[in-house]
Amino acid sequence: MTISVNTIATTQKPIIAADRKTSATSAQHNGDDVLVRVEGVSKKFCRSLRKSLWYGVKDMASELTGQGTGSQNLRAEEFWAVNDVTFQLKRGECLGLIGRNGAGKTTLLKMLNGLIKPDMGRIEMRGRVGALIALGAGFNPILTGRENVYVNGAVLGLTKNEIDEKIDEIIDFSEIGEFIDSPVQSYSSGMNVRLGFSVASTLSPDILILDEVLAVGDIGFTIKCLNRVRALMSNAAVIFVSHTMQFVSSFCTRALVMNRGSVISYNHNVNEAINCYYGLSQTQGSTSGTGGAIVHQAQLTKEDGRSDLNCTEIQQGARVQLLLTLEILIPSTQASVRVYIDDEAQSQLIGYPTMETINKPLNLSQGLHTILLPLGELDLNAGSYSFLVAVFDEHSQEILTRRSGICPFRVIASSTMWCRIVRPVVAKLIP
């Protein structure tokens, strides 16, 4: 069965009614392999519940009278959740849909799956759609897992005999064993994802929509899911949302980056899109401690000395150095300094204790100090990072100052790997 959803609108008189058609062969035998077409799609929401209800009544009245509800103008308290998004996806392609929280990704997926209607634009979906947009979405919590499989299959247009042929494969893939005959409301989040992904991917979809579903569960099942997605790509179009760039870079053939509802990058080069996504990061710094020391300035430069100060983009493997200017305010203090590189989550990845010699810490007395730290090769994975500087009393271990979010920078690389540190080695084959 083929489900075709056409939502058509123009800027003069948008039409937002969905027209659903079914055909048994159009997706398989049509010469055009484009399964997903999205043209100028927009969706707005209202921050005020009272005004939202009023606008809804007015829009329903306008739709009933044939005037349409779409408009390019925002009313009071409204905002664009998705604004003028356009792309297309062919069979055999996987689109990585990326962006920070609140960028509009899930709203767009809900429109693609027909859960909500766009205010403007056109959406065309050709083929059977398997979607896992929210944890446990589409499951009736009172029914057992097995019963939910049959319900989901019926919604997709499969007969009972067709589901019977696939039920064992679905149960085996989900790895939930005897719990398949337990009510879904008793499932853990991981079990929900296992069964949901198994159903969505096993029932031969032409279009597979996945929204951050691999964020829950163990790494073994995650790899199993990734391999299943790769296998499906030969005969399906996949739309994949994730904040884990290693997943996106591993099998997506193109990527679309969203920010505040709009598309800021639509690129066949997935790594360029990932670098664009990392450029959206905004490191929120903080300062704590007794106030016995102050970090006045920090500058990240390349080690060759010919680069401009305050580097914000560093090529992976480049040699860098950090120039610190700090002040110790308390007399008779022997202060030590430690520098860390933090990731986006403000987790410390690499620590640099400052040393006078290899076995002796660098102790600072009261006054203003400038320190140069040669950090060597920056062998971090592609991503966004910043520095944390901690100054503490060597004897009492009291934290004089701890300042995070210093010198935010991005590491640019040709690929994104499943690790924090990337250190290429020259391997030798031993005969």
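Described below are features of the structure shown in this document. (Residues numbered from 1 in each chain as written. Predicted model: local features only at pLDDT ≥ 70, side-chain atom pairs only at ≥ 80, totals over all residues. Heavy atoms only, no water.)

## Remarks on the overall build of the protein chain
Okay, step 1: Within the protein chain one finds nine helices and 22 strands.
Okay, step 2: For the protein chain, with 431 residues in total, the buried portion stands at 48%.
Okay, step 3: A fraction of 74% describes how many contacts in the protein chain between residues 6 or more apart in sequence connect residues 24 or more apart.
Okay, step 4: Accessible surface for the protein chain amounts to roughly 21100 Å². Of this, 51% is attributable to carbon and sulfur atoms. (Helix = DSSP H or I, 4+ residues; strand = E, 2+ residues; numbered from the N terminus. Buried < 20%, exposed > 50% of the residue type's maximum accessible area, 1.4 Å probe, protein only. Contact = heavy atoms within 4.5 Å. Areas by Shrake-Rupley, 256 points an atom, 1.4 Å probe, with all protein chains shown as cover.)

## Quick word on the pattern of salt bridges
Opposite charge on two side chains allows them to pair when their charged atoms are near.
Okay, step 1: For the structure shown, the criterion picks out 18 salt bridges.
Okay, step 2: The partner of Glu124 in a salt bridge is Arg122, and the shortest N-O contact between them spans 2.9 Å.
Okay, step 3: For Glu124, a relative accessible area of 14% corresponds to the buried category.
Okay, step 4: Salt bridges sharing common partners tie together Asp33, Arg91 and Asp206. (Salt bridge = Lys/Arg side-chain N within 4 Å of Asp/Glu carboxyl O.)

## Overview of unusual backbone geometry
Okay, step 1: Positive phi values are uncommon outside glycine, yet Glu77 reaches one of about 75 degrees.
Okay, step 2: Along the polypeptide, Glu77 turns up in the loop between helix H2 (49-64) and strand E4 (78-90).
Okay, step 3: Positive phi, normally seen in glycine, also occurs at Gln397, with a value near 65 degrees.
Okay, step 4: In this fold, Gln397 is placed in the loop between strand E21 (383-393) and strand E22 (399-412).

## A few points about the sheet that holds strand E9 (residues 237-241)
Okay, step 1: Read across the open sheet, the six strands follow the order E7-E8-E9-E5-E10-E11; overall the sheet is mixed. Whereas interior strands pair on both sides, the edge strands pair on one side only; in this sheet they are strand E7 (129-132) and strand E11 (262-267). Shown here is a sheet whose adjacent strand axes are inclined to one another by a mean of 15 degrees, direction ignored.
Okay, step 2: One ladder, built from five bridges, connects strand E5 (residues 94-99) with strand E10 (residues 254-259); its direction is parallel. Bridge assignment links Ile98 to a residue of E10, and that residue is Val257.
Okay, step 3: Sheet strands in contact with helix H6 (residues 189-202) are E7 and strand E8 (207-211), and its direction is about 165 degrees off that of E7. (Pairing = 2+ DSSP bridges. Axes fitted to C-alpha atoms, helices over the stretch in contact; angles between N-to-C directions.)

## Considerations on the packing of helix H4 (residues 145-155) against helix H5 (residues 160-174)
Between two packed helices, what matters for the description is the angle formed by their axes and the separation of those axes.
Okay, step 1: As a packed pair, H4 and H5 sit with axes 10 Å apart at the nearest point and diverge in direction by 130 degrees. By the criterion of interaxial angle, the relationship of H4 to H5 is oblique. The chirality of how H4 crosses H5 is right-handed. Contact residues: H4 offers Arg146, Val149, Tyr150, Gly153 and Ala154, while H5 offers Lys160, Ile163, Asp164, Ile167, Ile170 and Ile171.
Okay, step 2: Tallied by class, residues from the contact of H4 with H5 come to seven nonpolar, one polar and three charged. (Parallel < 35°, antiparallel > 145°, perpendicular 65-115°, else oblique. Left-handed = near helix turned anticlockwise from the far one by under 90°. Nonpolar A, V, L, I, M, F, W, Y, C, P; charged D, E, K, R; others polar.)

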